[in-house]
Amino acid sequence: MSAPMQPAAGLAAAAAVPTVARRPWAAGLDRGIGWLVEIPAAMLVVAEVVILFAGIVARYVLHTPLVWSDELASILFLWLAMLGSVVAFRRGEHMRMTAFVNRASPAMRAFLDMLAIAAALAFLLLIVGPGYEYAYEEQYVTTPALEIPNIWRAAALPVGTLLMVAVALLRLLERADWQSALKAIVVVALVVGALYLLQPVLQNLGNYNLLIFFVGVVAACVFAGVPIAFCFGLATFGYLALTTSTPMMVVVGRMDEGMSHLILLAVPLFVFLGLLIEMTSMAQRMVAFLASLLGHVRGGLSYVLIGAMYLVSGISGAKAADMAAVAPVLFPEMRKRGAQDGDLVALLSATGAQTETIPPSLVLITIGSVTGVSITALFTGGLLPGLVLALMLCVVVWRRSRRQERAPEGRASGAEILRTLVIALPALALPFVIRAAVVEGVATATEVSTIGIVYSILIGLLVYRRFDWRRLWPMLVDTACLSGSILLIIGAATGMAWALTQSGFSSQLAQLMAGLPGGAATFMAVSIVAFVILGSVLEGIPAIVLFGPLLFPIAQQMGIHEVHYAMVVILAMGIGLFAPPFGVGYYAACAIGRVSPDRGMRAIVGYLVSIALGLIIVAAVPWLSIGFLR
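Being a predicted model, the structure only gives us computed values, none of them experimental. (Residues numbered from 1 in each chain as written. Predicted model: local features only at pLDDT ≥ 70, side-chain atom pairs only at ≥ 80, totals over all residues. Heavy atoms only, no water.)

1. So, the overall build of the protein
Link 1 in the chain: Within the protein, the regular secondary structure consists of 28 helices and zero strands.
Link 2 in the chain: In the protein, buried positions account for 58% of the 630 residues.
Link 3 in the chain: For the protein, the exposed area adds up to about 24800 Å²; of that, 69% sits on carbon and sulfur atoms. (Helix = DSSP H or I, 4+ residues; strand = E, 2+ residues; numbered from the N terminus. Buried < 20%, exposed > 50% of the residue type's maximum accessible area, 1.4 Å probe, protein only. Areas by Shrake-Rupley, 256 points an atom, 1.4 Å probe, with all protein chains shown as cover.)

2. So, helix α2 (residues 69–91)
Link 1 in the chain: The terminal C-alpha atoms of α2, which comprises 23 residues, lie 32 Å apart, in line with the 33 Å expected from a rise of 1.5 Å per residue.
Link 2 in the chain: Of all 23 residues that make up α2, 19 are buried, and the element is covered over most of its length.
Link 3 in the chain: The positive-phi residue at the C-terminal boundary of α2 is G92, with phi of around 70°. (Expected span 1.5 Å × (residues − 1).)

3. Re the packing of helix α9 (residues 228–243) against helix α21 (residues 472–502)
Link 1 in the chain: Axis separation between α9 and α21 bottoms out at 8 Å; the angle between their running directions is 25°. Accordingly, the angle class assigned to the pair α9 and α21 is roughly parallel. Remark: the crossing between α9 and α21 carries left-handed chirality. Residue-level inspection shows I228, A229, F230, F232, G233, T236, Y239 and L240 of α9 in contact with α21, the latter providing L488, I489, A492, A493, G495, M496, W498 and A499.
Link 2 in the chain: By residue class, the composition of the contact of α9 with α21 is 13 nonpolar, three polar and no charged. (Axes fitted to C-alpha atoms, helices over the stretch in contact; angles between N-to-C directions. Parallel < 35°, antiparallel > 145°, perpendicular 65-115°, else oblique. Left-handed = near helix turned anticlockwise from the far one by under 90°. Contact = heavy atoms within 4.5 Å. Nonpolar A, V, L, I, M, F, W, Y, C, P; charged D, E, K, R; others polar.)

4. Description of the pattern of salt bridges
Link 1 in the chain: What the rule picks out here adds up to 13 salt bridges.
Link 2 in the chain: Taking the shortest distance from any N to any O, the salt bridge between D256 and R153 comes out at 2.5 Å. In this pair, D256 is assigned in helix α10 (residues 249–259) and R153 in helix α4 (residues 151–154), connecting sequence segments 103 residues apart. The exposure classification of D256 matches that of R153, with both residues buried.
Link 3 in the chain: Close ionic contact of D341 with R335 constitutes a salt bridge, the shortest N to O distance being 2.7 Å. (Salt bridge = Lys/Arg side-chain N within 4 Å of Asp/Glu carboxyl O.)

5. As for the environment of G627
Link 1 in the chain: The residue G627 is located in the segment after α28 (623–626) in this model.
Link 2 in the chain: Using a relative accessible area of 28% as the deciding quantity, one classes G627 as partly exposed.
Link 3 in the chain: Taking the C-alpha atoms as reference points, G627 and T380, separated by 247 residues in sequence, lie 9.4 Å from one another.

6. Description of a nonpolar patch on the surface
Link 1 in the chain: The grouping of L198, V201, L205, Y208, L211, I212 and V215 at the surface amounts to a nonpolar patch, some 630 Å² of accessible area in total.
Link 2 in the chain: In terms of residue count, the dominant contributor to the nonpolar patch is helix α8 (residues 208–223) (four residues).
Link 3 in the chain: Relative to the helices and strands, L205 resides in the loop between α7 (199–202) and α8. (Patch = residues over 30% accessible without salt bridge, like charges linked within 9 Å, V, L, I, M, F, W, Y side chains within 5 Å.)

Put into structure tokens, the structure is as follows:
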């Protein structure tokens with residue numbers, strides 16, 4: 001049985017601090033906070049599985065739907081997201097860019113690590129008040145099914161924020177090199193104070209503030225090693241607080257909206273499913289069979305990863321959930337075969353961009369809902385563009401695998417392939433069980449992962465007889481931790497998307513693109529560039545909500561088929577979404593793969609170039625998107 005994946009060096013917001021003696025009182029407080037947060041976080045993962053699976057059984061078997069199940073799952077989900085964020089913050093596993101931090105001298109590295117914590121603390125302190133105010137206002141809202149005040153749900157935001165404040169203060173106070181901590185606090189205080197004093201000037205700059213905050217502040221924080229979620233949060237809060245009259249409670253509300261969308265509940269559930277597949281040795285059986293087929297081919301499992309992401313994309317509809325379902329199965333064996341961590345997360349990110357058009361993608365559903373384009377047509381049109389990009393990725397894998405020093409495994413005999421197939425059949429059936437549950441209407445995209453979890457538990461206990469109960473609790477805590485770090489990034493990105501909407505930037509962009517010379521070709525080219533940029537700073541759905549209703553009518557006026565245009569902008573946005581240094585999806589892939597973001601920077605360039613070439617092909621050949629439409 002392979003060992004569980006451990007956090008990679010460089011992921012930490014605090015763990016990269018040089019090793020020093022921790023004060024006993026600090027160690028005691030840290031353990032106390034750990035127990036206070038990890039126990040309920042792990043229990044919430046179990047509760048979500050039980051509630052959603054009970055909803056499936058009640059609806060499909062007993063024919064008595066539980067009308068309150070989704071509502072209760074949504075309430076608990078926000079608590080899971082916030083407590084998971086606290087666990088990740090305490091462990092130092094919030095995603096951050098460490099490419100420049102790692103090149104600094106030991107003294108500068110210690111300072112930058114403290115600066116990352118101080119900057120995160122600044123954002124947390126800024127939203128404590130608005131978070132409390134938001135939760136307080138929610139007490140006047142009653143949930144429709146359970147008929148309880150919504151403060152039971154919204155209280156997760158201020159509680160999680162205060163716990164992270166406590167962790168940040170503890171990290172700053174517990175280190176012996178207090179000079180670095182003090183310098184970091186002073187620098188952050190000076191920057192915040194300077195921006196506050198410049199408020200009258202900033203208010204007269206108009207949309208130039210978008211460059212200052214959403215480019216300048218974000219870039220400075222990212223390259224200084226501040227966790228990505230807090231980079232987005234600081235920029236959004238600073239822009240709204242200093243240049244608008246928007247109540248800061250709205251920022252918290254937008255974060256809540258981004259983090260707690262019920263479909264995102266698939267993320268922690270698929271993370272847990274991936275850990276179960278590995279722990280029950282189902283992953284070993286599947287990989288053994290796939291290796292028997294492609295083990296003799298250089299880069300064989302890389303081809304399997306590309307194909308698996310294409311197929312799995314139709315299960316959950318959420319890219320983070322797709323990556324969480326595939327990576328834990330393939331990464332351990334790929335590492336054994338000599339694959340480098342950087343290339344693994346680079347390929348995983350690229351496949352995330354590649355599969356944005358594969359139904360039932362949430363982005364496809366969103367485009368249909370906000371633009372009026374037939375969702376059925378979008379589902380039909382999305383298959384071939386995704387296949388084109390998959391083939392382009394395979395070309396890069398082929399070229400890179402030729403340079404591998406390690407020779408591939410020998411070709412397996414027919415008997416060996418048959419034997420591994422028979423052993424792997426219960427494990428290989430899992431994707432078909434999950435897909436059948438969705439197609440037959442047994443479960444929704446959010447619920448279906450619970451069927452996979454129950455199936456994996458039964459196969460592990462009854463068929464493979466490999467179920468290590470001692471690993472169950474750490475797996476639950478790891479699930480909450482990883483999910484919290486991903487969801488906080490998505491929440492912060494949603495807040496930033498809303499701020500861009502309020503600036504009027506979206507309507508100005510639409511007017512500019514409508515007036516471009518050169519007709520449809522120029523409009524398509526500019527759309528690609530625009531959506532790559534938008535995808536790098538916005539999560540997919542907010543970008544579509546912002547610009548879809550504005551740009552799709554212009555495309556129709558220029559004679560571009562709406563489904564063709566949808567495929568092009570989705571793929572362009574996917575490239576931006578998974579392209580470092582700003583793409584949220586790239587950091588989600590790194591979090592899922594437990595690899596430092598800077599490890600994949602160089603490796604991902606070739607994959608992104610191949611996807612860009614595939615996008616050009618899709619844009620130039622409309623038949624690939626509309627050829628099978630009736």
